[in-house]
Structure formats: structure tokens, C-alpha cells
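Coordinates in review
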Amino acid sequence: MIAAIQFGSLTFYLLIINFNFMLTQPLQSKFTIRDGHEVIIESGRLARQADGSVTVRQGNCIILATVVANKEAREGQSFFPLSVDYQEKFASAGRIPGSFFKREARLNDYEILTSRLIDRALRPLFPEDYLCDVQVLVSLVSSDPEVMPDALACLAASAALAVSDIPIQEIISEVRVARVDGEFIINPTRTELAKADINFIIAATDKNIMMVEGEAKECSEEDLVKVIELGHEAIKVQVKAQEVLRDLKGITAKRDYVKPEHNEEVREKVTAFAKQKVYEVAKGALAKHDRSEKFKAIGDELMEHLKAEYKVAEGESLADNIKKWAKIYYSDLQYYVVRDMMLNDKVRLDGRKLEEVRSLNMEVDILPSPHGAALFTRGETQSLTTVTLGTALDSTLLESAAVSDYSKFYLHYNFPPFSTGEVKMMRGVGRREVGHGNLAMRSLKQMMPGGDFPYTVRIVSDILESNGSSSMATVCAGSLALMDAGVAIPKHVSGVAMGLISKGDQFAVLTDILGDEDHLGDMDFKVTGTRDGICGVQMDIKVDGLSMDVMRKALSQAKDARLHILDAMYVAMPEARSDVKPHAPRMVKLFIDKEFIGAVIGPGGKVIQEIQRETGTTINLEEKNNMGEIAIFSTNKEGVEKAVSWIKGIVAVPQVGDVYEATVKSIMPFGAFVEFLPGKQGLVHISEVSWKRLETLEGIVREGDLMKVKLIGTDPKSGKFKLSRKILIPKPDGQGQPQQEENN
């Protein structure tokens, strides 16, 4: 607003800016989640050079999503190059990053996991023959402490695609469904989520479920089905809101793109030559590498056959385009032949029945030095998992824009290339490893002791072999290793990966899938839990029209497999050890009055550092519930006991009449100063040393001597403690000779 002010012959123009506004865009679509929680999707003002951009707002939470796609695929591109990055700007919460460079750097685990949730939901939306680079960037630009942004991030990404001309086939969204105090809630607040016993994120179109991921405190299979159904109903409203915004933007058609060329003649030749050969290998129940070698040999024979078919001169090669088509069609042939074999013959690649779990082998206490260790092998998948017990100082920082918190339980999953017999560069932890580790961690977390459990627990799963479901092997091995370490988890947690093959009305649910079956299937469905319920789920569905009846069948079959694995785990390790191993850190927890915290710490930490140094312990002191909570850790039992005694002495309140074993610290002409409790000294006056009158303490008391003393009072002026030795010595007969006295 511009205001004019007249001052004599001069006119001043003032620009008045109202700062009390919310960022808005001209195109808006709204919907309500629950209880008046309104969500607004907007477009048309920000990031206009992107192919599509939107903001999604709920409360003070604002998420900006942009999407850009190349017009043409790169030459020789053979897969769909989709990249998704979700990042939280620290400025969104009025904070400055704590890193050395004071700026946002690589994505943290939470951002990677949110990026994966978006990626896994979006990827099936694109046509199979669309190979152009697509980049989706989602940023939290304003944070609300009660709004969970990960539940809105995929909505923002899908809306950006919806208002663009990038050729997606459907619109999707994601919601979080939680159960709090027995009530199911869509997109709960952060406070509500902290009390939830079910926490799942669901992604879907208006017709089909695409993805499910989350955790629960032993929920039933029917509870999970209900969660999926409730989430789907909420998503339909969000899809409709995106369609309204797309229409406002005037998007009526998607861009055309160059489709890959095909040659039906080559396809027919490949099928005629290789179909029966592929079927025979697929039904041969071969090991993973043997099967791969056989398929490769058929591929080599196919190329020689095509050379003859196309009359290629000796020493010459097939035309590049024919060779390219032949490789594509041969891969497609393997896909369809194996799927048909499973549907029609009810036989798996390794010869198993559809419901059969691979052979199991598990051992605990296999490494001498770790605090807990287990080796879990299922078929050709193997995890060596260790547990390390640490102090509160070993907890890990979980930082996002809105929240910084410490976790005393975490799991790291490593997938080295040798586990699949490959040579690859070791370039640090990948997104897949973060995702798999998170699923295992969330599953095992449901059984972790809470309350006063003192240890920080780190689990490390090293995958030594992999042929399907290494994340589920991590769950099983982690549960065994926790019990081996003496962590008091009440029940074992196991996990199994399920698959689905469907064609028309036919379907086959596969238990404990192989790596190849994961690639060939229409669903990858991982379920973890105890004998009493589900603890974790990760599901990706690649096919339309999956009915809830099929979902129930898959869940029932997964439960049977989970119970079968649990039976074997209880044989290997029936319950947690009653105590930690001898070389694991011992822990004693003390609670002291708040007023003594400073005394235990000392000026500049002098006292607590001295205790740790002298006893060889690690001490953590925190103020909780208006009390001082002290945790003392050491692998040496004597050191722990010494530290406990020391601290008890510091916080003890001396009572007149109590007797102590004191140590002489210094000798003065008027008496001896003694330490009768750790950190507490008093004076034994020369007149209180003996019933005999003494002129000096020389020859009677020396520094370092031990003597029993009794607290007889405090000096009224200085408040210092007054102690007596003679009061504990029988008074000699006044008529006899003074008795010979000895130090007591």
C-alpha cells in the first residue's frame, strides 16, 4: 500500500508493507483431513521454469515440490532414470545447520527414507517404455512442530507431476494411518504419533494400493488390512484435489515421447529358439549362480543361432540393432516363462513349493569379543550380526529441521558386493542399505526394553550372502544377537519376504522369495513380527487391481512362514541371557537428590573426572524428573563398586553418632584432618585422639593411617565436622595406669 504525506510544499510517498501474510499462489485446491485440518495445494507462482511445481500447506508446514524431465532419452538408455530428493531446510524451523560449513549437505537418513517413500510410490506411474531422465525435488521450506512433513511429501511430488505435461499414467498420494488409544487417525500430529501403537504410511491411486510401510506393536493381520482400507479412502480425496488443480492449470494432455523401436521378427525367432530351453533351466531347481550360467549359455547360443538365421558371414557380428532387440526379448522371455511355470506348475526356481521356506541354520555366541553375535542362514542368504552395548554417550543424534533427538537404539546394515559374487566400488552407504536397515531397526525396536534400560545398543548386520530377503535375515539375526548379548527382549522377532505372481484370474503367493523371484513378481511384501503379531511391514505392489482377498491370503501365508522361522529361532536361543557377558560393560544406576548434582560433578567437572580416572569407569549424569540420574559403566566389577561407594559418600548426609573408617589426610599441631566419607573431611582435635593428654601427635598418628572415628558434631562457627577417636576407646580406670593404645 502506498500512502502520500504532505509536508509544506513537499509530498512524501511511503510504501507500507504488511508482513502478516502467508505465501500464496494463484491456483489453489483444498481438502480437509480431519477435525478441520485443512491442506492447500497451490501452483502458478513459484519455480515457473520447472515442468511442474506446487506447494502443499498444512498449518505452518509448507512443502515445495518441483519436477523436470528431459524431452528425449539419452542414447543407449535401457532403464528409467528417476531421481527423487527430499530435503528439509533448517531455515524452515528458524535454525542454522550445526555442521562445520553451516549449510545443508548430504541427505540424512530421515531425508533418504522420505525420498525412498516418494520414489517407490512414483516409479510405477510412468510408462514402461519411458526412459527420459526425471528429477523430483521436494523441500520443506516452512516447518510446523506438530505436522509430520513426510506424510505430505509424496502428495506434493504427485501434484507437481499432475500439473506438468510429463507422461504419468495416474495420480497418487500418501497418508499416514496411526492408532492412538484404540482410534485410527489419518495424518496424526507429532504429539499423537508419539503415543501410537500402529504407524503406517500408505500410497495409492484412487483405484489401487501401491505401497505400504510402517511399524506396529504386534498388530493383527486384520488390523493391517483395516489400516490399508482407511488410508485408501483418505487418498481418494487427495487424488481428487490434485485433479482439480490440474484442471485449473489447464493440463489436458501429456507430452509425447519417442518410443523404443521393436522388431517382431526378431522376437519370434528368440521365442522359437529359447523358450523350451529357458523352461528346462527354470524347472531344474538349480542354485543361483548355476542357473545364471545356464541362462547365459542359452543367450550365447541364441546369438550364434541368429547369426545363422540372418546369414552373417563368419568372423562378422550381428547388426547392433538386432543384437539389442535379441537381448531385450530374451530377458522378456525369461520373465514370462518363469512366471507361467510358477502359475501353472506351482514350482519355484529352486524346486520349492509355493509356501515353502528355505533351509534354516542359525548359531549364537560365535564371536569371542563382541557383546552379542549371531549367524543366520536361510538358503543362499546369510547375515552375520553383532550387538554392542554402550553408554548414553554413545547414543546417536537424529536431527531434522523441527526436531533434534538422541536414540539409544540403532541398526546398521551393510551389503558388500561379494555377497552376490560381484566386484563393485565401495562408495559408502547407499539408499537401499539405509532403507533395509531402517525396516529391521523398526521391527526389533518394538521388543526393546524401555524405561530404565541403561544401555545404548548398536546392531550391525553384515550380509555375507544374498539371494533374496537379506533385510529379513537381518531381523532374525538381530533378534538372536540381542538375546545373546543379554538384552532383555521378551520375544523373538522374525521376518519373511513374500512375492506375488498374477495373470488374469490366476495368482500365486510365494513364501520366502529369491532375488530372481523379487524381480519377476508383481509384489514384494516383507512382514516381520513375533508369535503374537506384526511388528513391521514393507510392501511394494507393481500390479493393478490387487484385491483385499489376495492381500489377506498373502498375510496369512506370511504369518505361517514367520511362525515356522520363529520355532527354529527359539530352539537356537530360547530366551535372553540373564546377564551380559563378562567382557560387556557392567552398569549400576543411582538416583540422587538434585541438590547433590553439582557436588558429584565438581568445579569444572573435576570430581566426576577424578572418579572416572581412578575407577576406570564411564559415568553419565543427567537431571530427570527433578532428580539426578547417574549411570556407571565399566567392564570391571570392582571399578563399578568403587565408583558407587565414592558417589554414595559424596551424596551421603553425615549423621551425628555415626561411626566411620577414616583416612588421615594431614596433621596439624591442634589435631588431624581425616576424610571419613569421599569428599568429606573433618577434624579430630588432639584432645579427641586419646584419653591421655597429648602434647603432640608425632609417633601416634601418621598421614595415610586408618582410624575409626565417630561424628560428634559440627563447629558452630565454621560448620566443619568434629570427630572423635577416643570416644570409641574404652575409658581407662582412673586409679590404674593409662592403658597402651593402638590405632583402631
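About the cut-offs
Residues numbered from 1 in each chain as written. Predicted model: local features only at pLDDT ≥ 70, side-chain atom pairs only at ≥ 80, totals over all residues. Heavy atoms only, no water. Helix = DSSP H or I, 4+ residues; strand = E, 2+ residues; numbered from the N terminus. Rg over C-alpha atoms; globule rule 2.2 N^0.38 Å. Contact = heavy atoms within 4.5 Å. Areas by Shrake-Rupley, 256 points an atom, 1.4 Å probe, with all protein chains shown as cover. Lys, Arg positive; Asp, Glu negative; His and termini not counted. Charge placed at Lys NZ, Arg CZ, Asp CG, Glu CD. Polar contact = N/O pair within 3.5 Å; in protein donor to acceptor, adjacent residues only side chain to side chain. Buried < 20%, exposed > 50% of the residue type's maximum accessible area, 1.4 Å probe, protein only. Salt bridge = Lys/Arg side-chain N within 4 Å of Asp/Glu carboxyl O. Phe/Tyr/Trp six-rings, centres within 6.5 Å; stacked < 30°, edge-to-face > 60°. Lys NZ or Arg CZ within 6 Å of the ring centre and 35° of its normal.

What follows deals with the overall build of the protein chain. Along the backbone of the protein chain there are 14 helices and 31 strands. Taking 744 residues into account, the globule formula puts the C-alpha radius of gyration at 27 Å, and the protein chain, at 36 Å, lies well above it. Excluding contacts between residues fewer than 6 apart, the proportion of contacts in the protein chain whose partners are at least 24 apart in sequence is 67%. For the protein chain, the accessible area works out to roughly 36,500 Å², and carbon and sulfur atoms hold 51% of it. One way to put it: in the protein chain the 91 positive side-chain charges average out to a point 3 Å from where the 105 negative ones average out.

The topology assignment puts His371 in the loop between strand S13 (360-364) and strand S14 (372-378). A distance of 2.9 Å separates a polar side-chain atom of His371 from the backbone nitrogen of Leu389. Those residues in contact with His371, other than ones at most four positions away along the chain, are Val387, Thr388, Leu389, Asp484, Ala485, Lys581, His583, Ala584 and Pro585.

As for its position among the elements, Leu439 is in helix H8 (residues 431-445). For Leu439, a relative accessible area of 2% gives the class buried. Between the C-alpha atom of Leu439 and that of Gly214, which follows or precedes it by 225 residues, the distance is 8.0 Å. Discounting residues that sit within four places of it in the chain, Leu439 has contacts with Ser471, Met472, Lys526, Val537 and Gln538.

So, about the pattern of salt bridges. Under the criterion given, the structure shown has 52 salt bridges. Residues Asp119 and Arg123 are paired through a salt bridge, measuring 2.9 Å at the closest nitrogen-oxygen approach. Residue class for Asp119 comes out buried when judged on its relative accessible area of 15%. Arg123 gets classed as partly exposed once you look at its relative accessible area, which sits at 32%. A salt bridge links Glu233 to Lys236, with the nearest nitrogen and oxygen atoms 3.1 Å apart. In this pair, Glu233 and Lys236 are both assigned in helix H4 (residues 221-249), 3 residues apart and thus about one turn of the helix distant. The partly exposed category is assigned to Glu233, whose relative accessible area is 48%.

Before going further, it helps to spend a moment on the packing of aromatic side chains. Describing an aromatic ring pair means giving the distance of the ring centres and the angle of the ring planes. Counted under the stated rule, the structure contains 12 aromatic pairs. Relative to Tyr336, the ring of Tyr335 has its centre 4.9 Å away and its plane inclined at 90°; by these criteria the two rings are edge-to-face. Ring geometry for Tyr660 and Phe676: centres 5.0 Å apart, planes at 55°, overall tilted. Here Phe676 lies in strand S28 (residues 671-677) and Tyr660 lies in strand S27 (residues 659-668), a separation of 16 residues in the sequence. For the pair Tyr660 and Phe676, one class covers both residues: buried. Members of the aromatic cluster, connected to one another through ring pairs, are Phe80, Phe126, Tyr130 and Tyr257. Lying across the ring of Tyr257, Lys259 places its NZ or CZ 4.1 Å from the centre. Just above the ring of Tyr310 sits the side chain of Lys269; from NZ or CZ to the centre is 5.6 Å.

The analysis is restricted to geometry; functional conclusions fall outside its scope.
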